[in-house]
Amino acid sequence: MTALVTGASGGLGRAVAVALAAAGHDVGVHYRGDADGADATAAEVVAAGRRAVTLHADLATDDPAACDRVCADLLAAGEEALGVPDVVVLNAFPQHHVAWDELDAAAWDDYHRGGLRPTAVLLRQAAARMPVGGSVVVVGSIEGSRPMPTHTPYAVAKAALEHLVRAAAQELGPRGVRVVGVAPGLVARDGLEEAWPEGVARYRAAAALGRPVTPEEVAATVAFLASGDASGITGTTVTVDAGWSAAPGW
Ligand SMILES: NC(=O)c1ccc[n+]([C@@H]2O[C@H](COP(=O)([O-])OP(=O)(O)OC[C@H]3O[C@@H](n4cnc5c(N)ncnc54)[C@H](OP(=O)(O)O)[C@@H]3O)[C@@H](O)[C@H]2O)c1
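Residues numbered from 1 in each chain as written. Predicted model: local features only at pLDDT ≥ 70, side-chain atom pairs only at ≥ 80, totals over all residues. Heavy atoms only, no water.

### Here's the deal with the pattern of salt bridges
- Applying the stated criterion across every chain yields a total of 7 salt bridges.
- R51 is the salt-bridge partner of D26, the closest N and O atoms lying 3.2 Å from each other. One end of the pair, D26, is in strand β2 (residues 26–31); the other, R51, is in the loop between α2 (35–47) and β3 (52–56), with 25 residues separating them in the sequence.
- Given the relative accessible area of 7%, D26 is considered buried. (Salt bridge = Lys/Arg side-chain N within 4 Å of Asp/Glu carboxyl O. Helix = DSSP H or I, 4+ residues; strand = E, 2+ residues; numbered from the N terminus. Buried < 20%, exposed > 50% of the residue type's maximum accessible area, 1.4 Å probe, protein only.)

In structure tokens, the structure reads:
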């Protein structure tokens, strides 16, 4: 089995690559800026007994034709090294804050050209090559349903991903390809508590389990949804947030 994971040089993408390797996939490790991080992810995949290749691509492009080309080149490079993937995880996404008063057209465009557009293009292109039984997992966010202040274009783009999952699942179901979303809550990482103590404290207070989720918990869900064990699941987004979204919120 073969998988491609975008944005896999660290964070959640690395955990997903490792979980898919443990499930028996060779893994294409896509990255943009962090080649050392991608190498470290690939080394973990190899340590799990699978093959890995690192694949560089900046998915943010100014014109649509370039987006089509960059996505096609990325998939072709992965295929040449490891074969056609039966699992693709679309995890790469811009993440920066924009104050409401600074929310100009360029800020909106950043999330279209670097987030929504390449995710949608990669989904269509990858699914077109996939064997029957293949799956695409799109990494969304709890902000797709509950946006935070200063995250407006991020949250709007993540909401659009949930709709993309529904729409694409209908198009691809007849071809035997499933499309599923995963919406993580706050994901723990080294230094998060120090960098954002008040945010983590608020999350702990709201989440039913009293903590953020770990990258491994989200990755295990991605690996399950990508697998044949989830053969009846398509067109929906599964929340992994330690119960944060179950809180009444008032
Ligand atoms: N961390 C959380 O609490 C959290 C919560 C909910 C959802 N998520 C989602 O989880 C996913 C992974 O996030 P993370 O927390 O692991 O953060 P991260 O480590 O910053 O991962 C984001 C990845 O996307 C890549 N990327 C961004 N723009 C790109 C572009 N134009 N072209 C190619 N790659 C690009 C980044 O590459 P570079 O490193 O080269 O920039 C990076 O590898 C994202 O979809 C994020 O929205 C995260």
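There is more to say after this.
### Focus on the site of the ligand
- As a matter of local geometry, the ligand sits amid 25 residues, with L12, R32, G33, N91 and Y154 nearest to it.
- One nitrogen or oxygen atom from the main chain of G33 is found 2.5 Å from an oxygen atom belonging to the ligand.
- Separating an oxygen atom of the ligand from a side-chain N or O atom of Y154 is a distance of 2.6 Å.
- Across the complex, the protein chains shield 83% of the 880 Å² of accessible surface that the ligand would expose by itself.
- Here the residues of the shell around the ligand sort into 11 nonpolar, 10 polar and 4 charged. (Near = heavy atom within 4 Å. Polar contact = N/O pair within 3.5 Å; in protein donor to acceptor, adjacent residues only side chain to side chain. Areas by Shrake-Rupley, 256 points an atom, 1.4 Å probe, with all protein chains shown as cover. Nonpolar A, V, L, I, M, F, W, Y, C, P; charged D, E, K, R; others polar.)

### Describing the packing of aromatic side chains
- The final tally for this structure, using the stated rule, is 4 aromatic pairs.
- Measuring from ring centre to ring centre gives 6.1 Å for F93 and Y154, while their planes differ by 75 degrees; the resulting arrangement is edge-to-face. Of this pair, F93 sits in the loop between β4 (87–90) and α4 (105–129) while Y154 sits in helix α5 (residues 152–172), placing them 61 residues apart in sequence.
- By way of ring pairs, the aromatic residues F93, Y111 and Y154 are connected into one cluster.
- Taking the ring centre of W244 as reference, the NZ or CZ of R146 above it sits at 4.3 Å.
- Its guanidinium or amino end placed over the ring of F93, K158 lies 4.0 Å from that ring's centre, counting from NZ or CZ. (Phe/Tyr/Trp six-rings, centres within 6.5 Å; stacked < 30°, edge-to-face > 60°. Lys NZ or Arg CZ within 6 Å of the ring centre and 35° of its normal.)

### Details of unusual backbone geometry
- The phi dihedral of T150 is positive, around 75 degrees, even though this residue is not glycine.
- Tracing the sequence through the fold places T150 in the loop between β5 (135–139) and α5.
- Using a relative accessible area of 33% as the deciding quantity, one classes T150 as partly exposed.
- Even without being a glycine, A242 presents a positive backbone phi close to 60 degrees.
- The topology assignment puts A242 in the segment after β7 (237–240).
- Classification of A242 as buried rests on a relative accessible area of 8%.

### Some details on a negative patch on the surface
- Residues D101, E102, D104 and D109 make up a contiguous surface patch of negative charge.
- Positionally, D101 belongs in the loop between β4 and α4.
- On the basis of relative accessible area, D101 is assigned to the exposed category, the value being 76%. (Patch = residues over 30% accessible without salt bridge, like charges linked within 9 Å, V, L, I, M, F, W, Y side chains within 5 Å. Lys, Arg positive; Asp, Glu negative; His and termini not counted. Charge placed at Lys NZ, Arg CZ, Asp CG, Glu CD.)

### Digging into the sheet that holds β5
- If you walk across this open sheet you meet the 7 strands as β3-β2-β1-β4-β5-β6-β7, and the pairing is parallel. Only two strands of the sheet have a single neighbouring strand rather than two, namely β3 and β7. The mean angle between the axes of side-by-side strands here comes to 20 degrees, regardless of whether they run parallel or antiparallel.
- One ladder, built from 3 bridges, connects strand β1 (residues 2–5) with β4; its direction is parallel. Bridge assignment links V5 to a residue of β4, and that residue is V89.
- The sheet contacts of α5 involve β5, β6 (178–184) and β7, and relative to β6 the element is tilted by about 160 degrees.
- Against the sheet, helix α8 (residues 215–226) makes contact with β4, β5, β6 and β7, and its axis sits at roughly 170 degrees relative to β6, the strand it touches most. (Pairing = 2+ DSSP bridges. Axes fitted to C-alpha atoms, helices over the stretch in contact; angles between N-to-C directions. Contact = heavy atoms within 4.5 Å.)

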